Amino acid sequence: MEDAVLPESHILEVLSRLPLKTIIRCKCVCKRWRDLVSDPYFVDLHLSRSRPCLSFHQYDSPSSILELVEVEHEVDYDCLTLHHVKTLNLHLSAVPYSGNWTTQVGSVNGLICLHNRDFDTTYIFNPLDEEYMILPQPPKPNLEDVRFPLTYGFGVSMTGKYKVIWIYALKIEVYTLGTNQWRCLGPTPYRISYRWAVDPPGVFVNSHVYWIIHGQIYKFDMDTETFESFPSPPGELGDDQESMQILGVLKGSLSLFSWTSSGYNVWVMKESWYKSIAVIQENIDPFLKSLEWEPRFLMDGSDGTSILIFWPWPEENPSLVGYCLNTNKILDLNLPGDIFASMLTYRPSLVKLQNFGSERVRVGSLYSNVTVSAKSRYKSSLKFEQSKGRHSSCC
């Protein structure tokens, strides 16, 4: 029977294509399979085939719920359908938590970085295995008016080092997972001032994190650890109160959505910026022209399309709306949220936080102090389609 045993390479190929829940069960089959699934090569192989979903969090809400969902875009029916992946109740977790002002900093390779301003706590966690680590607090600036960072970033370098970036008005702090300490990179080379309590977190693309602050794009190189301004699309940006801009990732590339009174443009960065979509005001859906709104998130749709998620305001029952930028169609999206809604692209993975733990930064279980019955009491407030086939198998 020994000749009938599958080669290890074949087993890895089969296991890497299975749903994550099935893979976790496979670890209990035998010691050999457990070791295979825990091997860094398999973790990377599975991650390369993992299907992306969205991480959604309403960060001014005391409900403290983080939702992982898959979004199905049906172009012919102008519809976005949510499929439940996982619901995490952060209020029940072992992490110090206050419902207000917990923001998603970023998501890379299955790890999500959150920052709670009330407790001034930054932590990394993997929603799949519900493990987390709390990072040490960085040294405080001397001035009270720069007590909190202007903005944040989370990403990974080309050499595989995961880093959290805090940008203050006067300096930049960087934490590399596994090093136990924040490093000050010195003063920011640009004069940056507050607009909101905190500007949106950075967008991670190919070992760089990008921000728009006051109409100017900035980037941080995760390898060289340099922070500098980044060229904008020709004639697009500037601190114009009549325009709206948001950065995102479309087709794997840095992208910019820009809206003015004359219409909107979508720019994509390859070797240089090029305009992928341009729509004049007369051709925009009347619903979009009839209200005030705030752009929240850019994402890929089906058949090569691009989708903008935005918040129309003021609304009695706030909810987010989808808009197909290619077809100029409003998309049916039953997703409650407002200007404080935070969305990230999340790719489930088996990356273990133990790889970055130490004596000072320990890895814990998100629900270590919660009984199974208490954890299961919470049900998602979102309305999902019945899970069917591939949509229920992600985690």
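Residues numbered from 1 in each chain as written. Predicted model: local features only at pLDDT ≥ 70, side-chain atom pairs only at ≥ 80, totals over all residues. Heavy atoms only, no water.

Looking up the protein chain in an unreviewed UniProt entry gives the name F-box domain, kelch-type beta propeller, F-box associated interaction, with the organism given as Helianthus annuus.

A. Molecular detail of the sheet that holds strand β7 (residues 131–134). In spatial order, the strands read β4-β5-β6-β7-β25; together these five strands make up an open sheet with antiparallel pairing. Two strands in the sheet have a free side with no partner beyond their single neighbour: β4 (102–108) and β25 (364–365). Here strand β5 (residues 111–116) pairs with strand β6 (residues 121–126) via five bridges, running antiparallel. Looking at the pairing, Leu-114 lines up with Tyr-123 of β6. (Pairing = 2+ DSSP bridges. Helix = DSSP H or I, 4+ residues; strand = E, 2+ residues; numbered from the N terminus.)

B. Structural detail: helix α1 (residues 8–16). Regarding α1, the residues found buried are Ile-11, Leu-12, Leu-15 and Ser-16. Along the long axis of α1, the arc covered by the buried residues comes to 120°, so they all point the same way. (Buried < 20%, exposed > 50% of the residue type's maximum accessible area, 1.4 Å probe, protein only. Arc of directions from axis to C-beta.)

C. A look at unusual backbone geometry. Even without glycine at this site, Glu-225 takes up a positive phi of about 55°. Of note, Glu-225 is situated in the loop between β14 (216–221) and β15 (226–230). Under the relative-accessibility criterion, Glu-225 is labelled buried at 18%. Located in the positive-phi region is Asp-303, a residue other than glycine, with phi close to 55°. Residue placement: Asp-303 occurs in the loop between β20 (292–300) and β21 (306–313).

D. Spotlight on the packing of helix α3 (residues 31–38) against helix α4 (residues 40–49). Orientation of α3 relative to α4, taken along the N-to-C sense of each, is 65°, at an axis distance of 5 Å. For the pair α3 and α4, the contacting residues are Leu-36, Val-37 and Ser-38 in the first and Pro-40, Phe-42 and Val-43 in the second. When grouped by side-chain class, the residues that make up the contact of α3 with α4 number five nonpolar, one polar and no charged. (Axes fitted to C-alpha atoms, helices over the stretch in contact; angles between N-to-C directions. Contact = heavy atoms within 4.5 Å. Nonpolar A, V, L, I, M, F, W, Y, C, P; charged D, E, K, R; others polar.)

E. Examining the side chain of Asp-221 more closely. One can find Asp-221 in strand β14. There is no salt bridge for the buried Asp-221, and the closest opposite charge comes from Lys-219, which lies 5.6 Å off by N-O distance. Separated by 3.1 Å, the side chains of Asp-221 and His-208 make a polar contact. Setting aside its immediate chain neighbours within four residues, Asp-221 contacts Ser-207, His-208 and Thr-226. (Lys, Arg positive; Asp, Glu negative; His and termini not counted. Salt bridge = Lys/Arg side-chain N within 4 Å of Asp/Glu carboxyl O. Polar contact = N/O pair within 3.5 Å; in protein donor to acceptor, adjacent residues only side chain to side chain.)

F. Quick look at the pairing of strand β11 (residues 182–187). Note: strand β10 (residues 171–176) against β11, four bridges, orientation antiparallel. Paired with Val-174 across the strands is Arg-183, a residue of β11. Linking β10 back to β11 in an antiparallel pair, the connection comprises five residues, with Gly-178 at a positive phi of about 95°.

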